[in-house]
Amino acid sequence: MVLLAACTRSNDVAALRDEASAVAVFHQPVLDALVVRVHGLQRDLRTEYPGWPNMFRTAQLANDELGLPPFEQTVPPGPAWRPGPTTLLGMGAYVRTRADELATHGRRDELKFLVTDERARYDRGIASVSEHLDQVEHWLATSR
């Protein structure tokens with residue numbers, strides 16, 4: 001009976017590890033769309049519009065939450081550049097690595113928390129970035 005419980009617990013750990021990766025994969029298309037929107041703002045924001053400094057800062061916030069190179073940077077970063085693990089674009093790689101470590105050590109409760117936290121961070125972060133981008137895009141549409 002104890003062996004059966006251990007196997008079930010092991011399967012839970014493997015399923016949670018797989019779920020951690022699946023959460024990042026699920027959110028990737030939304031993140032890609034947000035990146036496209038940020039790049040559009042980099043092209044469209046102009047200093048001749050009244051109020052542009054505030055909108056520039058709002059666009060910077062969205063850019064930074066996503067984990068892109070600095071908004072005002074015109075030269076692409078080098079090949080070694082990676083988004084930070086606390087950003088939306090960097091979180092997936094961090095979570096996969098951490099989930100593998102936790103699964104290897106059978107730390108089911110920590111792994112479960114990691115997956116729950118990952119989902120919440122993606123949801124909050126995507127909503128925040130979208131809100132910032134909506135604000136700047138609306139301003140641009142009414143300023144032209």
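Now for a quick tour of the structure.

Considering the overall build of the chain
- Of regular secondary structure, the chain possesses four helices and zero strands.
- Counting helices and strands in the order they occur from the N terminus, the chain gives α-α-α-α.
- Against the compact-globule benchmark of 15 Å for 144 residues, the chain has a radius of gyration of 19 Å, which places it well outside the compact range.
- Along the three orthogonal principal directions, the C-alpha set of the chain runs to about 75 × 30 × 20 Å.
- In the chain, buried positions account for 33% of the 144 residues.
- Contacts in the chain between residues far apart in sequence, at least 24 positions, make up 70% of those at least 6 positions apart.
- A total accessible area of about 8,800 Å² is found for the chain, and carbon and sulfur atoms account for 59% of it.

A word on the pattern of salt bridges
- Scanning all chains against the criterion turns up twelve salt bridges.
- Its salt-bridge partner being Arg121, residue Asp117 comes within 2.7 Å of it at the nearest N-O pair. Taken together, the residues Asp117 and Arg121, both in helix H4 (residues 108-143) and four residues apart, mark about one turn of the helix.
- With a relative accessible area of 42%, Arg121 lands in the partly exposed category.

Some words on the nonpolar core
- Core analysis: the largest hydrophobic core is formed by 34 residues, its most contacted members being Leu45, Leu66, Leu88 and Leu111.
- Broken down by secondary-structure element, the contributors of at least two residues to this core are helix H1 (2-44), helix H2 (52-66), helix H3 (88-104) and H4.
- Each residue touching Leu88, except ones within four places of it in the same chain, is listed here: Leu31, Glu65, Leu66, Arg121, Tyr122, Gly125, Ile126 and Val129.

Describing the packing of H2 against H4
- Remark: H2 packs on H4, axes separated minimally by 9 Å, with the N-to-C direction vectors making an angle of 155 degrees. Taken together, the axes of H2 and H4 lie roughly antiparallel to each other. Crossing of H2 over H4 shows left-handed handedness. Between H2 and H4, the contacting residues are Trp52, Met55, Thr58, Ala59, Leu61, Ala62, Glu65 and Leu66 on the first element and Gly125, Ser128, Val129, His132, Leu133, Gln135, Val136 and Trp139 on the second.
- In the contact of H2 with H4, the residues fall into ten nonpolar, five polar and one charged.

About the cut-offs
- Residues numbered from 1 in each chain as written.
- Predicted model: local features only at pLDDT ≥ 70, side-chain atom pairs only at ≥ 80, totals over all residues.
- Heavy atoms only, no water.
- Helix = DSSP H or I, 4+ residues; strand = E, 2+ residues; numbered from the N terminus.
- Rg over C-alpha atoms; globule rule 2.2 N^0.38 Å.
- Buried < 20%, exposed > 50% of the residue type's maximum accessible area, 1.4 Å probe, protein only.
- Contact = heavy atoms within 4.5 Å.
- Areas by Shrake-Rupley, 256 points an atom, 1.4 Å probe, with all protein chains shown as cover.
- Salt bridge = Lys/Arg side-chain N within 4 Å of Asp/Glu carboxyl O.
- Core = buried A, V, L, I, M, F, W, Y, C linked by side-chain atoms within 4.5 Å.
- Axes fitted to C-alpha atoms, helices over the stretch in contact; angles between N-to-C directions.
- Parallel < 35°, antiparallel > 145°, perpendicular 65-115°, else oblique.
- Left-handed = near helix turned anticlockwise from the far one by under 90°.
- Nonpolar A, V, L, I, M, F, W, Y, C, P; charged D, E, K, R; others polar.

Taken by themselves, the reported measurements are silent on function.
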